[in-house]
Amino acid sequence: QVQLVESGGGLVQPGGSLRLSCSASGSIASTNRMGWYRQAPGNERIWVAHIFRSALTIYADSVRGRFTISRDNAKNTMYLQMNSLNPEDTAVYYCNADYGNGINYWGKGTLVTVSS
């Protein structure tokens, strides 16, 4: 069992930046991929970005060019650098670790609020 803990959320003004972290209790080096998802109030959880074992990264259209996903296997931590934030980015952000074979873990989320 791997526990994931997100941190770094908070209140930021439009146009501002935040960096989210996802710390794992176990090794992330063996994951097939890790990802960030978000859930805005009243909406379903949606995918934001993935980073694969190969270090390949992919992004949802809504965040491409503004968000950067990265990972530090030595620290068992994944990051999401978020720039040029706008109110539509307000959501609870969740991290996910996919080890394959149906083994999948979620964090409990961190709230990001973009407001003036």
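Summary of the structure given here.

Analysis parameters
Residues numbered from 1 in each chain as written. Predicted model: local features only at pLDDT ≥ 70, side-chain atom pairs only at ≥ 80, totals over all residues. Heavy atoms only, no water. Pairing = 2+ DSSP bridges. Helix = DSSP H or I, 4+ residues; strand = E, 2+ residues; numbered from the N terminus. Axes fitted to C-alpha atoms, helices over the stretch in contact; angles between N-to-C directions. Phe/Tyr/Trp six-rings, centres within 6.5 Å; stacked < 30°, edge-to-face > 60°. Buried < 20%, exposed > 50% of the residue type's maximum accessible area, 1.4 Å probe, protein only. Lys NZ or Arg CZ within 6 Å of the ring centre and 35° of its normal. Contact = heavy atoms within 4.5 Å. Salt bridge = Lys/Arg side-chain N within 4 Å of Asp/Glu carboxyl O. Disulfide = S-S within 2.5 Å.

## A short note on the sheet that holds strand E7 (residues 67-72)
Okay, step 1: Ordered by their spatial adjacency, 4 strands build an open sheet running E1-E3-E8-E7, and the pairing between neighbours is antiparallel. The sheet is open, and its two borders are formed by strand E1 (4-7) and E7, each paired with just one other strand. Here the average twist between neighbouring strands, direction ignored, is 15°.

## Observations concerning unusual backbone geometry
Okay, step 1: Despite not being glycine, alanine 55 shows a phi value in the positive range, around 85°.
Okay, step 2: For asparagine 76, which is not glycine, the phi dihedral falls at a positive 50°.
Okay, step 3: Tracing the sequence through the fold places asparagine 76 in the loop between E7 and strand E8 (77-82).

## Side note on the packing of aromatic side chains
Here a ring pair, both rings aromatic, is described through the centre-centre distance and the interplanar angle of the planes.
Okay, step 1: The tally for this structure, following the rule as stated, stands at 2 aromatic pairs.
Okay, step 2: For the pair tyrosine 99 and tyrosine 105, a centre-to-centre distance of 5.8 Å together with 80° between the ring planes defines the contact as edge-to-face. Take tyrosine 99 and tyrosine 105: they sit in the same class, and that class is buried.
Okay, step 3: Looking at arginine 45, its charged tip hangs above the ring of tyrosine 94, at a distance of 3.6 Å from the centre.
Okay, step 4: Sitting over the face of the ring of tryptophan 106, arginine 45 holds its NZ or CZ atom 4.7 Å from the ring centroid.

## Considerations on the environment of alanine 91
Okay, step 1: Relative to the assigned elements, alanine 91 resides in strand E9 (residues 91-100).
Okay, step 2: Relative accessible area serves as the criterion here: at 1%, alanine 91 is assigned to the buried category.
Okay, step 3: Along the primary structure alanine 91 and serine 70 are separated by 21 residues, whereas in three dimensions their C-alpha atoms are 20 Å apart.
Okay, step 4: In contact with alanine 91, not counting residues within four places along its chain, are Arg38, Gln39, Ala40, Thr110, Leu111 and Val112.

## Quick look at the pattern of salt bridges
Okay, step 1: Scanning the model with the defined rule gives 4 salt bridges in all.
Okay, step 2: With its nearest N and O atoms 2.9 Å apart, the salt bridge here joins aspartate 89 to arginine 38. Pair noted here: aspartate 89 is in the loop between E8 and E9 and arginine 38 is in strand E4 (residues 33-39), with a separation of 51 residues, a long-range link. One exposure class covers both aspartate 89 and arginine 38, and it is buried.
Okay, step 3: Residue aspartate 61 is joined to arginine 64 by a salt bridge in which the shortest nitrogen-to-oxygen separation is 2.7 Å.
Okay, step 4: Given a relative accessible area of 64%, aspartate 61 falls into the exposed group.
Okay, step 5: One continuous salt-bridge network, built from bridges that share partners, spans Arg38, Arg66 and Asp89.

## Brief notes about the state of the cysteines
Okay, step 1: Summed over the entire model, instances satisfying the criterion amount to 1 disulfide.
Okay, step 2: Sulfur-sulfur distance for the disulfide between cysteine 22 and cysteine 95 comes to 2.1 Å. Between cysteine 22 and cysteine 95, the S-S torsion sits near 55°, and that sign places the bridge as right-handed. Within this pair, whereas cysteine 22 is found in strand E3 (residues 18-24), its partner cysteine 95 is found in strand E9, the two being separated by 73 residues in sequence.
Okay, step 3: Taking relative accessible area as the criterion, cysteine 95 reaches 0% and is therefore assigned buried.

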